Amino acid sequence: MSDSGLGFSVKRFIIFIVGCAVAILIFEGMGEVGGSMIKGQVSKTTSKYHPERNVDDRIKPEFVLEDKVAVANAANSSVSSSADEWNAEDSCEQVIEGNDMLQFNLKEMKVSAACANVTVILKHTGVMAAEIMGHNWVLSSDADFMPVATAAAGAGLKNNYVPVDDNRVLAATSIIGGGEKTSVTFSIESLSAGDAYTFFCSFPGHYAIMKGAFKVIA
Ligand code: ZN
C-alpha cells in the first residue's frame, strides 16, 4: 500500500516537474518569438536600418562580388584568349605583357616562318620600378634557356640582365619597369620550324615563372 502510494506520489511529482519544464520551454519559446518580432520591428523602424539610410554601405558587398567575378573573368581571358585578341596567328608582330605579379600574359607565341623579321613588343602593365620588378623578353632555344637564364643574373641591370656577346641569346629587349614599353625586331632566318624555343624574362628569379614556348610555324 505504501509502495503504491509512494509510486503514485513520485509519478505525480515527475509529471509536475515535466509540466513545469514544458511550461518554461513554452514561455522561453514565446519570449524568443516575441523578442525576434520586436527586434524585427526595431530593425525596420530605426534609422540605422531604414531603407533610405546607409544605402551605399549595404549595397557595397554586391559590387565587391561583381568585381571579383569581373576580375576572375579578366584573368581567365588574359591567359586564354588575349593571344587571339592581340596577335593574329603567325603574326610577324607580337604583343606581350608583363605585370607586377611576375606574369606574362602569354604562355605561347607563334610566328610564321615566312616572316622576314619578327617584332616583339613588350608592355609592362604594372607600376613597379625596373630595379624591383623589371621585365624583358629574351629568346633562346629550349636547351639554352636554363644556362642563359642562370648567366643573366651576372650580367646585371646595366646589361639588361642579358649575357653580353652570347650567341645563345637569339633576341632580347631591354629591361623595363611599370608603365613602360619596349620592343625588339630580329630575323628568324636561323630558327627552324621544328625546333623548340623558349621566351622568358631574364630578371633574376623571374624565368621560373615568366616563360613560354616560342614556335615558328612553317
Ligand atoms: Zn620579369
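These figures come from a predicted structure and were not determined experimentally.

**Some details on the overall build of the protein**
Within the protein one finds five helices and eight strands. In the protein, the succession of helices and strands from N to C terminus is α-α-α-β-β-β-α-β-α-β-β-β-β. Here the protein, with 218 residues, has 31% of them falling under the buried criterion. A sequence separation of at least 24 residues applies to 70% of the contacts in the protein between residues at least 6 apart. A total accessible area of about 13,600 Å² is found for the protein, and carbon and sulfur atoms account for 61% of it.

**Looking at unusual backbone geometry**
Backbone geometry places Tyr161, a non-glycine residue, at a positive phi of 55°. Here Tyr161 is to be found in the loop between α5 (142–155) and β5 (171–172). Here the phi dihedral of Asp165 falls at roughly 50°; this positive angle occurs in a residue that is not glycine. Following the sequence through the fold, Asp165 ends up in the loop between α5 and β5.

**Focus: the coordination of the zinc ion**
Donor atoms from the polypeptide that bind the zinc ion are His135 (ND1), Cys201 (SG) and His206 (ND1), placed at 2.0 to 2.2 Å. Mapping the donors of the zinc ion onto the primary sequence yields the spacing H-x65-C-x4-H. Of this pair, His135 sits in the loop between α4 (130–133) and β4 (138–141) while Cys201 is found in the loop between β7 (197–200) and β8 (211–217), placing the two residues 66 residues apart along the sequence. Both residues of the pair, His135 and Cys201, count as buried.

**Here's the deal with the packing of aromatic side chains**
Here the structure, examined in full by the defined rule, presents eight aromatic pairs. By way of ring pairs, the aromatic residues Phe104, Trp137, Phe186, Phe199 and Phe214 are connected into one cluster.

**Some words on α5**
Helix length check: α5, at 14 residues, gives a terminal C-alpha distance of 20 Å against a target of 20 Å (1.5 Å per residue), a fit within 8%. Along α5, the largest kink reaches about 30° and is centred on Val148. Along α5, the residues classified as buried are Phe145, Val148, Ala149, Ala152 and Ala155. In the core, the buried residues of α5 are packed alongside β4, β7 and β8. Of the residues flanking the end of α5, it is Gly156, one or two places downstream, whose phi is positive at about 80°.

**Considerations on the confidence of the model for the protein**
Model confidence for the protein is summarised by a mean pLDDT of 79, while 63% of its residues fall at 70 or above. Here residues 59–85 is modelled with pLDDT under 50, and outside its nearest four sequence neighbours on either side it reaches seven contacts, counting other chains as well.

**Some remarks on the sheet that holds strand β2 (residues 108–112)**
Pairing within the open sheet is mixed, and its five strands lie in the order β2-β8-β7-β4-β5. Across the chains shown, the open sheet's two edge strands, defined by having one partner strand only, are β2 and β5. With respect to the sheet, α5 is in contact with β4, β7 and β8, its orientation differing from that of β4 by roughly 125°.

**Focus on the sheet that holds strand β6 (residues 181–187)**
Hydrogen bonding along the main chain pairs the strands of a sheet, whether they run parallel or antiparallel. Taken in spatial order, the three strands line up as β1-β3-β6 in an open sheet, and their pairing is mixed. At either end of the open sheet lies a strand with only one pairing partner, and these are β1 (93–98) and β6. In this sheet, neighbouring strand axes are inclined to one another by 20° on average, regardless of whether the strands run parallel or antiparallel. In terms of strand pairing, strand β3 (residues 117–124) meets β6 through seven bridges, oriented antiparallel. Its bridge partner being in β6, Val118 is matched across the sheet by Phe186.

**Remarks on the nonpolar core**
In terms of nonpolar packing, the biggest core is built from 28 residues, with Ile96, Trp137, Leu139, Phe186 and Phe214 touching the most fellow members. Breaking this core down by element, the ones donating at least two residues are β2, β3, β6, β7 and β8. Ranked by the residues each element gives to this core, the list is headed by β3, at three residues. Those residues in contact with Leu139 that lie beyond four places of it in its chain are Arg168, Val169, Leu170, Ala171, Phe186, Leu191, Tyr197, Thr198, Phe199 and Phe214. If you look at the next biggest cluster of nonpolar residues, it comprises eight residues, including Val138, Val148, Ala149 and Val169.

Cut-off values and rules
- Residues numbered from 1 in each chain as written.
- Predicted model: local features only at pLDDT ≥ 70, side-chain atom pairs only at ≥ 80, totals over all residues.
- Heavy atoms only, no water.
- Helix = DSSP H or I, 4+ residues; strand = E, 2+ residues; numbered from the N terminus.
- Buried < 20%, exposed > 50% of the residue type's maximum accessible area, 1.4 Å probe, protein only.
- Contact = heavy atoms within 4.5 Å.
- Areas by Shrake-Rupley, 256 points an atom, 1.4 Å probe, with all protein chains shown as cover.
- Donors = N, O, S within 2.8 Å, 3.2 Å for Na, K, Ca; no water.
- Phe/Tyr/Trp six-rings, centres within 6.5 Å; stacked < 30°, edge-to-face > 60°.
- Expected span 1.5 Å × (residues − 1).
- Bend = angle between axes of the 7 residues up to and from the residue.
- pLDDT = per-residue confidence, 0-100.
- Pairing = 2+ DSSP bridges.
- Axes fitted to C-alpha atoms, helices over the stretch in contact; angles between N-to-C directions.
- Core = buried A, V, L, I, M, F, W, Y, C linked by side-chain atoms within 4.5 Å.

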